[in-house]
Amino acid sequence: MKVLELNFSSEEGKNVRITVDEPVDPIEPEQVKGAMDEILAADIFLDTDGNPLTEAKSARIVDKTVTTIDIN
């Protein structure tokens, strides 16, 4: 399963991560940056202390592979 992680910093310098499960391929850097800019402009996400997000820091794709091991 792929996950898109969007990393921001808040007004108080805290790191905030927003994840998107199963992002559409191919992932275009310009679209990711645009989406992050829209998130900042909407001003609806806060850190755990209630401070607004102020900066888009980074984005990455995490590809998780889960294999179930039969132990019975």
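The structure we're discussing is the one just above.
What comes next concerns the included structure. Everything numeric in this text was worked out from a predicted model, so none of it was measured. (Residues numbered from 1 in each chain as written. Predicted model: local features only at pLDDT ≥ 70, side-chain atom pairs only at ≥ 80, totals over all residues. Heavy atoms only, no water.)

**Let's talk about the side chain of Asn7**
With respect to the secondary-structure elements, Asn7 resides in strand β1 (residues 2-10). Accessibility expressed as a relative area gives 13% for Asn7, which makes it buried. A polar contact is formed between the side chain of Asn7 and the side chain of Arg17, at a distance of 3.2 Å. Apart from the residues within four sequence positions on either side, Asn7 is in contact with Val16, Arg17, Met36, Glu55, Ala56, Lys57 and Ser58. (Helix = DSSP H or I, 4+ residues; strand = E, 2+ residues; numbered from the N terminus. Buried < 20%, exposed > 50% of the residue type's maximum accessible area, 1.4 Å probe, protein only. Polar contact = N/O pair within 3.5 Å; in protein donor to acceptor, adjacent residues only side chain to side chain. Contact = heavy atoms within 4.5 Å.)

**Structural notes on the nonpolar core**
The biggest cluster of nonpolar side chains holds eleven residues, and these are Leu4, Leu6, Phe8, Val16, Ile18, Val32, Met36, Ile39, Leu40, Leu53 and Ala56. For this core, the secondary-structure elements that each account for two or more residues are β1, β2 (15-21), α1 (29-42) and β3 (53-63). Considering each element in turn, this core owes the most residues, four residues, to α1. Apart from the residues lying within four places of it in its own chain, the contact partners of Leu40 are Phe8, Leu53, Thr54, Glu55 and Ala56. (Core = buried A, V, L, I, M, F, W, Y, C linked by side-chain atoms within 4.5 Å.)

**Some details on the sheet that holds β3**
One open sheet holds the three strands; their spatial order is β2-β1-β3, and the pairing between them is antiparallel. The open sheet has two free edges, formed respectively by β2 and β3, since each of these has just one partner strand. For this sheet, the mean angle separating the axes of adjacent strands, direction not counted, is 20°. Pairing analysis gives seven bridges linking β1 to β2, with the strands arranged antiparallel. Bridge pairing links Leu4 to Val20 in β2. (Pairing = 2+ DSSP bridges. Axes fitted to C-alpha atoms, helices over the stretch in contact; angles between N-to-C directions.)

Bear in mind that shape data such as this cannot, by itself, settle questions of function.
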